[in-house]
Every structure is written in C-alpha cells, then in structure tokens.
Amino acid sequence: MVEPTFRSLEILAQLVVAATGTRITYRGVENIPERGGAVVAINHTSYVDWLPAALAVHRRRRRLRFMIKAEMQRVRAVDFLIRHTRTIPVDRRAGAGAYAVAVQRLREGELVGVYPEATISRSFELKGFKTGASRMAIEAGVPIVPVIVWGAQRIWTKDHPRKLGRTKVPITVQVGAPLRPAADLAQTDAALRESMTTLLHQVQQHYPRPSGAYWVPHRLGGGAPTLEQAARIEADEAASRAPRRPE
C-alpha cells in the first residue's frame with residue numbers, strides 16, 4: 001500500500017528528529033512481526049512518545065495505526081491526516097465502534113497502537129491498565145507487542161514547559177517479545193503489565209537519572225510525584241472538570 005500521506009509523514013518525522021538532534025536508540029525492533037496483525041502496547045509519559053514508537057515500527061518496514069480521541073477531528077488538518085493514515089478515532093462516550101474497527105484492522109494484518117494506561121502518567125511509572133489492548137488481541141487472535149518509550153517526557157509532558165528546540169534529548173525505544181493472549185482476560189492483562197514493567201525497569205537502568213529531576217520517577221530519586229500523588233492530582237482534575245450539581 002503506497003499511502004502517499006503516510007509516506008510524507010514518515011519523511012517529515014525523520015527530518016524533525018534530525019533537526020532537533022533527538023537521539024533515538026532502538027532495541028528489540030526484531031520483535032515487531034514482519035507481517036500479520038498485532039496490538040502494539042505503548043507506555044504513556046509524553047505528548048510525543050507516539051513518534052519514536054511509530055519510527056520503531058517503520059524500521060521494520062511497517063506502519064502503526066494509532067487509536068486517537070475523536071475530538072482531534074475538530075482540527076481540520078488533523079482530521080485530514082486521520083482520514084488518510086487509517087488512524088482510528090475513538091469517541092470516549094461510545095467506544096464500541098472504534099473497538100470494532102480496531103479488531104477488524106488487526107484481522108486484516110495491521111499493527112494497531114494502543115496506550116493501555118489511556119492517559120499520560122505524571123509519575124512516569126505504569127498506571128493502571130485499561131483492558132482494551134488485551135480484549136482486542138484476544139478477539140482478533142493476534143499477539144501483543146509491548147513497547148517502552150523512555151526520555152520523551154523530557155520534551156513535552158503534563159505540568160511542564162515544552163522543550164521543542166534542538167535539545168538533543170536521548171530517547172530509548174525498547175520492544176519486548178510478542179505475547180500470545182490467553183483466553184482469560186485478567187491473565188493476559190497481567191502478563192502484559194509484567195512484561196512492560198520489566199522492560200521499563202531495564203530501560204531506566206541504562207538511562208541517566210539525575211537526582212531531583214522532574215522527569216525521573218520518585219522511585220529512582222527523581223522529582224516526579226509518586227503513583228499515589230499523581231492519582232490524587234488526577235482525581236482533583238476530574239473533580240474540577242465535573243459539572244456542579246445545583247444545590
């Protein structure tokens with residue numbers, strides 16, 4: 001499939017990486033299947049961690065079809081890209097349609113990118129997982145490929161200024177061995193979480209972690225909030241966004 005829009009984006013992404021001096025290290029890319037469908041499960045620490053993940057898949061001469069919140073279709077340029085790159089928009093109020101599309105794409109042999117945590121982790125640890133990635137893999141009968149992207153939180157994440165210039169931030173993409181889903185959803189989800197946790201800790205061992213840095217997890221001596229503290233921040237945010245009931 002030629003897909004000129006997608007090809008243009010691939011070239012643009014490589015130019016952006018070169019222009020910013022971003023140094024991406026890829027490990028385990030051979031674990032991405034050369035053909036056939038798979039759920040690609042990615043950790044979520046940044047607004048830009050999708051880019052290194054997509055480039056890792058590109059190194060295997062394949063393309064990643066992301067699931068993206070449907071609100072992004074309100075932006076005309078983004079809507080054009082969604083329609084021309086087979087991206088899957090998700091309406092959070094009625095996600096069954098997007099789920100069905102994703103399963104169909106997997107059965108057709110596509111790679112579908114999913115963030116099991118759903119939203120960015122302020123602690124930079126793995127948050128609780130949604131079950132969508134495991135459910136899709138079980139229903140479509142395809143493997144799950146765990147992927148860890150580390151370092152992108154230094155470029156653009158929640159609660160901190162963006163650093164989009166030539167910052168030469170190093171980023172590591174670690175791809176784990178494909179997981180064959182079990183018939184049991186809980187078992188599949190637990191195996192995915194265990195694999196991604198192991199990969200995350202491996203990557204962190206070989207990456208700089210200056211004491212007190214905001215992008216370093218609290219567990220490693222950094223200034224990031226703990227999982228519990230991050231959960232409280234998110235709960236406060238959700239409460240502030242909720243419509244107030246009349247007294």
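Residues numbered from 1 in each chain as written. Predicted model: local features only at pLDDT ≥ 70, side-chain atom pairs only at ≥ 80, totals over all residues. Heavy atoms only, no water.

### Considering the overall build of the protein
And step 1. Regarding its fold elements, the protein presents seven helices and seven strands.
And step 2. Its C-alpha atoms give the protein a radius of gyration of 18 Å, within 12% of the compact-globule value 18 Å for 247 residues.
And step 3. Oriented by its inertia axes, the alpha-carbon framework of the protein measures out at about 55 × 45 × 40 Å.
And step 4. Classification of the 247 residues of the protein by burial places 46% in the buried group.
And step 5. The long-range fraction of contacts in the protein, counting pairs at least 24 apart against all pairs at least 6 apart in sequence, stands at 75%.
And step 6. As displayed, the protein offers around 13200 Å² of accessible surface, 54% of which is attributable to carbon and sulfur atoms.
And step 7. Taken as two groups, the 37 positive and 22 negative side-chain charges of the protein have centres that lie 6 Å from each other. (Helix = DSSP H or I, 4+ residues; strand = E, 2+ residues; numbered from the N terminus. Rg over C-alpha atoms; globule rule 2.2 N^0.38 Å. Buried < 20%, exposed > 50% of the residue type's maximum accessible area, 1.4 Å probe, protein only. Contact = heavy atoms within 4.5 Å. Areas by Shrake-Rupley, 256 points an atom, 1.4 Å probe, with all protein chains shown as cover. Lys, Arg positive; Asp, Glu negative; His and termini not counted. Charge placed at Lys NZ, Arg CZ, Asp CG, Glu CD.)

### Some details on the nonpolar core
And step 1. In this structure, V39, I42, M136, V147, V149 and L192 are the most contacted members of the largest nonpolar core, which totals 61 residues.
And step 2. Here this core takes six residues from strand β6 (residues 144-150), the largest share from any one element. (Core = buried A, V, L, I, M, F, W, Y, C linked by side-chain atoms within 4.5 Å.)

### Considerations on the side chain of E110
And step 1. Tracing the backbone shows E110 in the loop between α4 (96-107) and β5 (111-114).
And step 2. E110 sits in the buried class, given a relative accessible area of 11%.
And step 3. At a separation of 2.9 Å, a polar atom in the side chain of E110 contacts the side chain of R86.
And step 4. Filtering out sequence-adjacent residues up to four positions away, E110 remains in contact with G36, G37, A38, R62, R65, R86 and R105. (Polar contact = N/O pair within 3.5 Å; in protein donor to acceptor, adjacent residues only side chain to side chain.)

### Things to note about the side chain of S123
And step 1. Here S123 is to be found in the loop between β5 and α5 (132-140).
And step 2. There is a polar contact of 3.2 Å between the side chain of S123 and the side chain of S121.
And step 3. Excluding residues within four positions of it along the chain, S123 makes contact with P217, A224, P225, T226, L227 and A230.

### Side note on the packing of aromatic side chains
And step 1. With the rule as written, the count across this model stands at three aromatic pairs.
And step 2. Relative to W156, the ring of Y47 has its centre 5.1 Å away and its plane inclined at 50 degrees; by these criteria the two rings are tilted. With Y47 in the loop between β2 (38-42) and α2 (50-58) and W156 in the loop between β6 and β7 (170-175), this pair connects stretches of sequence that are 109 residues apart.
And step 3. Residue class for Y47 comes out partly exposed when judged on its relative accessible area of 38%.
And step 4. Plain terms: the ring middles of F66 and Y115 are 6.4 Å apart, the flat faces sit at 20 degrees to each other, and that makes the pair stacked. In this pair, F66 is assigned in strand β3 (residues 64-69) and Y115 in the loop between β5 and α5, connecting sequence segments 49 residues apart.
And step 5. The class for Y115 is buried, based on a relative accessible area of 17%.
And step 6. Above the plane of the ring of F129 lies R193, whose end atom (NZ or CZ) is 4.9 Å from the centre. (Phe/Tyr/Trp six-rings, centres within 6.5 Å; stacked < 30°, edge-to-face > 60°. Lys NZ or Arg CZ within 6 Å of the ring centre and 35° of its normal.)

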